Amino acid sequence: NVCRLLTRRTHGFYARDAGVAHRKNLGLLRKIMCQESTKFKNVWTTHSASPIAYERGRIYMDNYQCCITSIAQQPRLIYQKSKCAKSEKIEDALLLECPLGEMLPSPSDYKASLIVLTVQNWLLRLSADSGEVLEKVYLAGSCCKFFRYLSWDTPQEVMIVKSAQNKLPAAARQAGIQQTVLFYLAVFQVLPLSFIGMLEINKKIFGNSVTDVAVSNGILIVMYSMGLVRLYNFKAILEQFMEQPVDLGQEFNWNGQVGVVGQFPYGLPCNIKITDTPPLLFEASSLENAFQIGGYPWHYIITPNKKKHKGVFHICSLKDNTLAKNGIQDMKCCSLEPDWIYFHPDMSGRIIHVGPNLIKVLKLKEVKNHADQMEIAEDFTIVANRENCVNNSVTVTASGRVVKKRFTLLDDDPEQETFKIVDYEDELDLLSTVAVTQIGADGRAHLDFHCNEHGILLKSIPLKESWDVTYSHEVYFDKDLVLHIEQKPNRRFSCYVYQMVCDTAKDDD
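Residues numbered from 1 in each chain as written. Predicted model: local features only at pLDDT ≥ 70, side-chain atom pairs only at ≥ 80, totals over all residues. Heavy atoms only, no water.

As a further point, take the state of the cysteines. A complete count under the given rule lists zero disulfides for this structure. Note on Cys 66: no disulfide assigned, nearest cysteine sulfur contributed by Cys 67 at a separation of 7.3 Å. Residue classification places Cys 66 among the buried positions, given a relative accessible area of 6%. Left unpaired, Cys 333 is separated from the closest cysteine sulfur, that of Cys 334, by 8.2 Å. (Disulfide = S-S within 2.5 Å. Buried < 20%, exposed > 50% of the residue type's maximum accessible area, 1.4 Å probe, protein only.)

Okay, here's the thing in structure tokens:
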């Protein structure tokens, strides 16, 4: 297969579309990976007293001061920076990758970099290969001192830097001073890094009960304490309420204060002032502000805003709020941890509903003879490998009579195989699941690969390390790599790296 692809490439078959060759190579990798003779071997394990993060083949430790590549045959150190002061601690980070087909101002822009936010409100762009600081922007001016969160509005294009919620000191609150500004949002275009603007989320505009805000795909999402979620057009807000556009490095006079935008101590001006409530796009009431949009045509998922409805999901049309046929999804599972639901990340418009022992992949389809109405149908299901047994407790009374007490275990009882993680590997088009069984103190987990189209089990990989269901776990499946990060009590972290090994010979490992 490899020789055939190389021959076709030399003949110019892929000269105008390199993506064809890449997709064929990934198809070959998927077939090799799912072969019975292919194993995944634990090649590296490490432990740390600080959080461990993973981003596209790079393992970050010691608050991003240490970077290890996981792509090599055995993970190896890329760079190790000297220990930073507490004032330079990194609060959040995003991996930034070069957009295809665009001309960029600096050669370093074509290589992957890491955008990090420090505790002292510096936004830094670091080289992913060396940790070198490529760009630095000071965020906090006179308006805000506590920026803490990074997120994408449009992935790899528009980035949002969000502040912590503003809270007045206790003395100011006792004096009766009211805090009206809850959050600040700084908006950046990336590669090249440029400042779009900063705006505030104010109680006077959005209401007194605002608890949180988020920005995603051009939508400003405002959440309220009573479970209400409101959506606004974020791009329209930027255009309508922009007072004056400014650029990084520009000398600027703002409210009588002169400084350079993005430099210490001036920071960034709040140049977007929302003076009136923006037009409302949509609102819905949902338990714990849980709200998702997806599917085709557009639908949304909510849980009715009452505690008794926890674990019940309503799938409704975004166009007219009508409930889809079979749109109430309830697994009726009796478990300590609730089931969860979300739109499939493969952009197929399907929905994944995960319970302790069952994974349902649902699809939207037109109701027969009613083209304007949609219904929810099962595409396929994945069932945990467990026995439907009921434990019997036998007791004998003083008179010698035998009494049997019959009871049913919880659906997520640790002694039964239970789904803990479900993920999607987009490059190989595989649905991955982690199922765990714990007997006593020893828990065993395995990672399964399923066909994303039909749900057929293609490969199962046992994880060698013990899995305690009371700990926090993350599992990353990235092409030929499996990485497991575990957080134990007292902030002890462990990282286990598995790599694909193609060997037909018998290997005890």
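Time to look at unusual backbone geometry. Peptide bonds are, in most cases, trans, and in most cases residues other than glycine have a negative phi. The residue after Leu 191, namely Pro 192, is reached through a cis peptide bond having omega -5°. Here Pro 192 shows up in the loop between strand S12 (181-189) and strand S13 (194-202). Following Phe 264, the chain continues to Pro 265 via a peptide bond in cis, the omega torsion being 0°. With respect to the helices and strands, the residue Pro 265 is situated in the loop between strand S18 (257-260) and strand S19 (280-285). The phi dihedral of Lys 332 is positive, around 55°, even though this residue is not glycine. Judged by relative accessible area, which is 68%, Lys 332 ranks as exposed. Unusually for a residue other than glycine, Lys 479 sits at a positive phi of about 55°. Along the chain, Lys 479 turns up in the loop between strand S34 (472-478) and strand S35 (481-488). (Helix = DSSP H or I, 4+ residues; strand = E, 2+ residues; numbered from the N terminus.)

Summing up the model confidence of the protein, the mean pLDDT is 88 and the portion of residues at 70 or higher is 89%. At the low end of the mean pLDDT range in the protein sits strand S28 (residues 392-396), at 56; at the high end sits strand S25 (residues 351-354), at 97. (pLDDT = per-residue confidence, 0-100.)

Residue position: Ala 112 is located in the loop between strand S6 (90-96) and strand S7 (113-118). A sequence separation of 56 residues divides Ala 112 from Arg 56, and the C-alpha atoms of the two residues are 9.9 Å apart. Excluding residues within four positions of it along the chain, Ala 112 makes contact with Arg 58, Leu 96, Ser 127 and Ala 128. (Contact = heavy atoms within 4.5 Å.)

The next thing to look at is the sheet that holds strand S32 (residues 442-451). One open sheet accounts for four strands, arranged S30-S31-S32-S33; its pairing is antiparallel. Among the strands making up the open sheet, the edge pair consists of strand S30 (418-425) and strand S33 (457-463). With direction set aside, neighbouring strand axes in the sheet form an average angle of 20°. Relative to S33, S32 runs antiparallel, the two being bridged by six bridges. Counterpart to Asp 448 in the pairing with S33 is Ser 460. (Pairing = 2+ DSSP bridges. Axes fitted to C-alpha atoms, helices over the stretch in contact; angles between N-to-C directions.)

Attention now goes to the UniProt feature "transmembrane region" (unreviewed entry) in the protein. Sequence positions flagged by UniProt for "transmembrane region" (unreviewed entry) are, in local numbering, residues 181-201 and 213-232. Spanning residues 181-201, this segment combines 0% helix with 81% strand, and its end C-alpha atoms are found 6 Å apart. Secondary structure across residues 213-232 divides into 0% helix and 75% strand, with the first and last C-alpha atoms of the span separated by 11 Å. (UniProt positions renumbered as here; feature names shortened; annotations may be inferred.)

The subject of this paragraph is the side chain of Glu 375. Checked against the element boundaries, Glu 375 lands in strand S27 (residues 370-383). Nearest to the buried, unbridged Glu 375 among oppositely charged side chains is Lys 365, at 4.2 Å. Residue contacts for Glu 375: discarding those within four places in its chain leaves Lys 325, Asn 326, Lys 363, Leu 364, Lys 365, Glu 366 and Val 367. (Lys, Arg positive; Asp, Glu negative; His and termini not counted. Salt bridge = Lys/Arg side-chain N within 4 Å of Asp/Glu carboxyl O.)

Another point: the pattern of salt bridges. Enumeration according to the criterion identifies 18 salt bridges in this entry. For Arg 58, the salt bridge goes to Asp 129, with nearest N and O atoms at 3.3 Å. Here Asp 129 lies in the loop between strand S8 (122-127) and strand S9 (133-138) and Arg 58 lies in strand S3 (residues 58-61), a separation of 71 residues in the sequence. For Arg 58, a relative accessible area of 14% gives the class buried. Judged by its relative accessible area of 38%, Asp 129 falls in the partly exposed class. Its salt-bridge partner being Asp 379, residue Lys 363 comes within 4.0 Å of it at the nearest N-O pair. With Lys 363 in strand S26 (residues 358-367) and Asp 379 in strand S27, the pair connects residues that are 16 residues apart, well separated along the chain. Of the residues examined, Asp 379 reaches a relative accessible area of 28% and is grouped as partly exposed.

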